[in-house]
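# Coordinate inspection notes
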Amino acid sequence: MLLEVKNLHAGYGQTRVLHGMDFTLEKGSITALLGANGAGKTTTLRALCAMVKTGGEIRFDGERIDGRATEDIVRLGVAHVPDGRGTFLNLSTEENLRLGAYTRRDRKAVEADLARVFGYFPRLRERRGQQAGTLSGGEQQMLAVSRALMLAPKLMLLDEPSFGLAPLLVRELFSILRDIRSREGVSMLLVEQNAAMALELADRAYLIETGRVVLEGTSQELKRNDAVRRSYLGY
Amino acid sequence: MEAFLHQVMAGLATGGIYASLALALVMIYQATHLVNFAQGEMAMFSTYIAWSLINAGMPYWPAFLLTVAISFLLGIVIERIVIRPVENAPVLAVVVVFIALLVILNSLTGWIYTYTIKSFPSPFPQEMALGRFMSPHELGAIGVTLLVLLALYAFFRFTPLGLAMRAAAQNPVSSRLVGIRVGWMLALGWGLAAAVGAVAGMMVAPIVYLDPNMMGGVLLYAFAAALVGGIDSPAGAVVGGFVVGVLENVLGAFVIGNELKLSVALVLIIGVLLFKPSGFFGKVHVTRV
């Protein structure tokens, strides 16, 4: 198991959002967290990299990472594509990408990765010198995914990569994510409201309601589940 | 005409010094959104360190470099010990800390070195260089200032650490997510600002002489320079520095007289805040409420 989470609690100030989440993620897999608005999906991702106050046990690659600083968790190879994309608006596209590789010391590999990322998203190569704040929403989403890739991560945490994208772009982005997983073996924890797309991409999924896991299984199993079908897939 | 040119040149020289200090203010402002009122006193204290080193027999340039290095470390120490604890405090609390820092550094210097005015050496030769227009020290000060500004520009523009510092100032959350130690970037920013201030102090000291209150006026001009340029624009601060330096000198010599020179800075500050709060190079900030 690459990621093992036991009894995860988290919240903002006095407000508790997660009430003991348990889930795991197998190495090389894509696992989806599904749920309605406010169920605690984004908070779960934030808790994994210590962006909110958390309790419980988080193991990454066998090591306890709960209680460590965000910067140190990132250094273990956890790349977060955050809610809202997290673009460095005043920096150029290329500077944004180079920041993704900030912790790496293997200069040559970084240059190769930059070329590879431009291969996945040729649009970003065209916009290389452009101020990132002037990119469109879709381009910024590609930039966020690319910045995460520049870390050469073991695990990517993807917070609603489909948010605000046109359906065609979502399809394109998800097919690139699939490519990245199969070519580079990067594991992914995917948070999505677009359950249909997420279940297409993911191997396993967890359904979250009010800060707890209420259902888990392979994507196939969840697609066939009547409750999931009615509430989240809409047919 | 000759007198006028002379005043313009002298203005450029002091303007360079204001530009450096203004840049130090802007660097701290970009990271914290606060103006460090103690920036001038930090520079003054650094200049006294240089004075001690030179008096102890060290040649000028080694003393200069050592002072810059010590100031850099002191800047980091101040950030870690004094500023860090009030990181999330309300604005006014931090401002009070800045003012306390100002008073403490001022008194500490007076206590150690007394308030007697001292002369501070210039590393540049005594005889006139550019004919009648500019003293060698003024020319040298401009040169040193430009070198510092160029070095800073190159650092922030072309090095990974410089990029990380800019990122940390702009977007701390995303910076942590790519592994940047944001707290240390702030401390480094303080170190750099202190180092730049130290250069400004050592360059202005031969002109205004060394005493614990020497930076009071200079900081006001630097503050005016930063505001004219736009408090969030490094390039603006530099341009503003030179503009303020020339204005101060020319107006002081020909229009309002030397005694009222400082009011130029005050008028500029009030004028800019009233009519163009974002300065001439700064961004206009719009906030939804």
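Computed from a predicted structure; not experimentally measured. Position numbers for residues count from 1 along each chain, tracking the sequence in the order it is written. Lettering of chains starts at A and numbering of ligands starts at 1, both following the order in which they are written. Residues qualify for local features only when their pLDDT is at least 70, as the model is predicted, and side-chain atom pairs are given and counted only at 80 or more; totals for whole chains, interfaces and linings, by contrast, use all residues.

### Some words on the overall build of chain B
In terms of regular secondary structure, chain B is built from 11 helices and 0 strands. Radius of gyration here is computed from C-alpha atoms only, and the compact-globule reference equals 2.2 Å multiplied by the residue count raised to the power 0.38. For 289 residues, the compact-globule estimate of 2.2 N^0.38 gives 19 Å, and the C-alpha radius of gyration of chain B, at 19 Å, lies within 12% of that figure. Projected onto its principal axes, the C-alpha positions of chain B cover 55 × 45 × 35 Å. Out of the 289 residues in chain B, the part that is buried amounts to 47%. What counts as a contact is two residues whose backbone-derived C-beta atoms lie within 7 Å of each other. Counting contacts in chain B only where the partners sit at least 6 residues apart, residues at least 24 apart contribute 75% of the total. Helix and strand definitions follow DSSP, with helices as H or I runs of at least four residues and strands as E runs of at least two, each counted in order from the N terminus. Partly exposed residues are those whose C-beta has more than 12 but fewer than 20 other C-beta atoms within 10 Å; 20 or more makes a residue buried and 12 or fewer makes it exposed, with C-beta atoms placed from the backbone.

### Description of the nonpolar core
Here, a nonpolar core means buried Ala, Val, Leu, Ile, Met, Phe, Trp, Tyr and Cys residues linked by C-beta atoms lying within 7 Å of one another. Core analysis: the largest hydrophobic core is formed by 162 residues, its most contacted members being Leu21, Ala22, Ala222 and Ala225 of chain B. Considering each element in turn, this core owes the most residues, 17 residues, to helix H8 (residues 182–208) of chain B. Residue ranges labeled as domains rest on an automatic or database domain assignment. When residues are assigned to domains, this core turns out to be shared by domain 1 (3–77 + 153–233) and domain 2 (86–151) of chain A, each giving three or more. With residues up to four places along the chain from it excluded, the contact list for Ala222 of chain B reads Tyr18, Leu21, Ala22, Leu25 and Gly241 of chain B.

### Here we look at the pairing of strand S10 (residues 212–218) of chain A
Residues and elements named next belong to chain A. Looking at chain direction, strand S9 (residues 204–209) and S10 are connected through 6 bridges and run antiparallel. In the strand pairing of S10, Glu209 is matched with Arg212. Between any two strands, at least two bridges found by DSSP are needed for them to pair. Connecting the antiparallel pair S9 and S10 is a turn made up of 2 residues, with Thr210 showing a positive phi of about 35°.

### Focus on the packing of helix H2 (residues 39–55) of chain B against helix H9 (residues 215–229) of chain B
Helix-helix packing is described using two parameters, namely the angle between the two axes and the distance between the axes. All names here are of chain B. The interhelical angle for the contact between H2 and H9, taken along N-to-C directions, is 135°, at an axis separation of 9 Å. On the basis of their axis angle, the class for H2 and H9 is oblique. The hand of the H2/H9 crossing is right-handed. The segment H2 lies against H9, with Gln39, Gly40, Glu41, Ala43 and Met44 engaging Met215, Gly216, Val218 and Leu219. Taken together, the residues of the contact of H2 with H9 sort by class into 5 nonpolar, 3 polar and 1 charged. Note on method: axes are straight lines fitted to C-alpha atoms, helices fitted across the in-contact stretch only, with angles between N-to-C directions ranging 0 to 180 degrees. Orientation labels follow simple angle bins: below 35 degrees gives roughly parallel, above 145 gives roughly antiparallel, 65 to 115 gives roughly perpendicular, and whatever is left gives oblique. A clockwise turn of the near helix away from the far one marks a right-handed crossing, whereas an anticlockwise turn of less than a right angle marks a left-handed crossing. Amino acid classes used here: Ala, Val, Leu, Ile, Met, Phe, Trp, Tyr, Cys and Pro are nonpolar; Asp, Glu, Lys and Arg are charged; the rest, including Gly, are polar.

### Observations regarding the domain arrangement of chain A
How big an interface is tends to be reported as the loss of accessible area on association of its parts. Residue and element names in this part refer to chain A. Domain assignment breaks chain A into domain 1 (3–77 + 153–233) and domain 2 (86–151). Listed by partner, the interface residues are 13 residues for domain 1 and 9 residues for domain 2. Those elements giving two or more residues to the side of domain 1 that touches domain 2 turn out to be helix H2 (70–75) and helix H7 (167–184).

### Comments concerning the sheet that holds strand S3 (residues 30–35) of chain A
Residue and element names in this part refer to chain A. Strand order in the open sheet formed by 6 strands is S6-S7-S8-S3-S9-S10, with mixed pairing between adjacent strands. Lying at the two open borders of the sheet, with one neighbouring strand each, are strand S6 (78–81) and S10. Direction aside, neighbouring strands of the sheet carry axes that sit 15° apart on average. When strand S7 (residues 155–159) meets strand S8 (residues 187–192), the two strands line up parallel, connected through 5 bridges. Across the sheet, residue Leu158 finds its bridge partner in S8, namely Leu190. Lying over the sheet, helix H6 (residues 137–149) contacts S6 and S7, oriented at roughly 170° with respect to S6.

### Describing the interface of chain A and chain B
At the junction of the two partners, chain A supplies 19 residues and chain B supplies 15 residues. Of all the secondary-structure elements, those providing two or more residues to the side of chain A that touches chain B are H2 and helix H3 (93–100) of chain A. Residues of the side of chain A that touches chain B, tallied by class, amount to 8 nonpolar, 6 polar and 5 charged.

### Examining unusual backbone geometry
Positioned with a positive phi, Glu160 of chain A is a non-glycine residue whose angle comes to about 50°. Relative to the helices and strands, Glu160 of chain A resides in the loop between S7 and H7. Note on Glu160 of chain A: 22 C-beta atoms within 10 Å, which makes it buried. One non-glycine residue with positive phi stands out, namely Tyr209 of chain B, at about 70°. Along the polypeptide, Tyr209 of chain B turns up in the loop between H8 and H9. You can call Tyr209 of chain B exposed: it has 12 C-beta atoms within 10 Å.

### Brief notes about the sheet that holds strand S1 (residues 3–12) of chain A
The strands making up a sheet are joined through hydrogen bonds of the backbone, oriented either antiparallel or parallel. Residue and element names in this part refer to chain A. Strand order in this open sheet of 4 strands is S2-S1-S4-S5, and the pairing throughout is antiparallel. Pairing within the sheet leaves two strands with one partner each, and these edge strands are strand S2 (15–25) and strand S5 (63–64). Bridge count for S1 against S2 is 8 bridges, and the pairing is antiparallel. Bridge assignment links Leu8 to a residue of S2, and that residue is Met21.

### What to know about the pairing of S1 of chain A
Residue and element names in this part refer to chain A. Hairpin remark: S1 followed by S2, antiparallel, with 2 residues in the connecting loop; positive phi at Gly13, about 55°. Relative to strand S4 (residues 53–60), S1 is paired through 7 bridges, and the arrangement is antiparallel. Paired with Glu4 across the strands is Arg59, a residue of S4.

### Notes on the packing of helix H3 (residues 60–83) of chain B against H8 of chain B
All names here are of chain B. Where H3 meets H8, the closest approach of the two axes is 7 Å, and the angle between their N-to-C directions is 140°. Regarding the angle of H3 to H8, the classification is oblique. The hand of the H3/H8 crossing is right-handed. A breakdown of the residues in the contact of H3 with H8 according to their chemical character gives 18 nonpolar, 5 polar and 2 charged.

### Details of H3 of chain B
Residue and element names in this part refer to chain B. End to end, H3 covers 32 Å across 24 residues, agreeing with the expected 34 Å (1.5 Å per residue, within 8%). Of all the positions in H3, only Ala63, Phe64, Thr67, Val68, Ser71, Phe72, Gly75, Ile76, Ile78, Glu79 and Ile83 are classed as buried. Buried-residue contacts for H3 involve H2 and H8. Working rule for helices: expected span equals 1.5 Å times residues minus one.

### Points about the environment of Ala10 of chain A
Residues and elements named next belong to chain A. Relative to the helices and strands, Ala10 is located in strand S1. By C-beta crowding, Ala10 is classed as buried, having 23 other C-beta atoms within 10 Å. Measuring from C-alpha to C-alpha, the distance between Ala10 and Gly138 comes to 30 Å, with 128 residues separating the pair along the chain. If we ignore the near neighbours within four places in the chain, the residues touching Ala10 are Val17, Leu18, Thr43, Ala47, Val52, Lys53 and Thr54.

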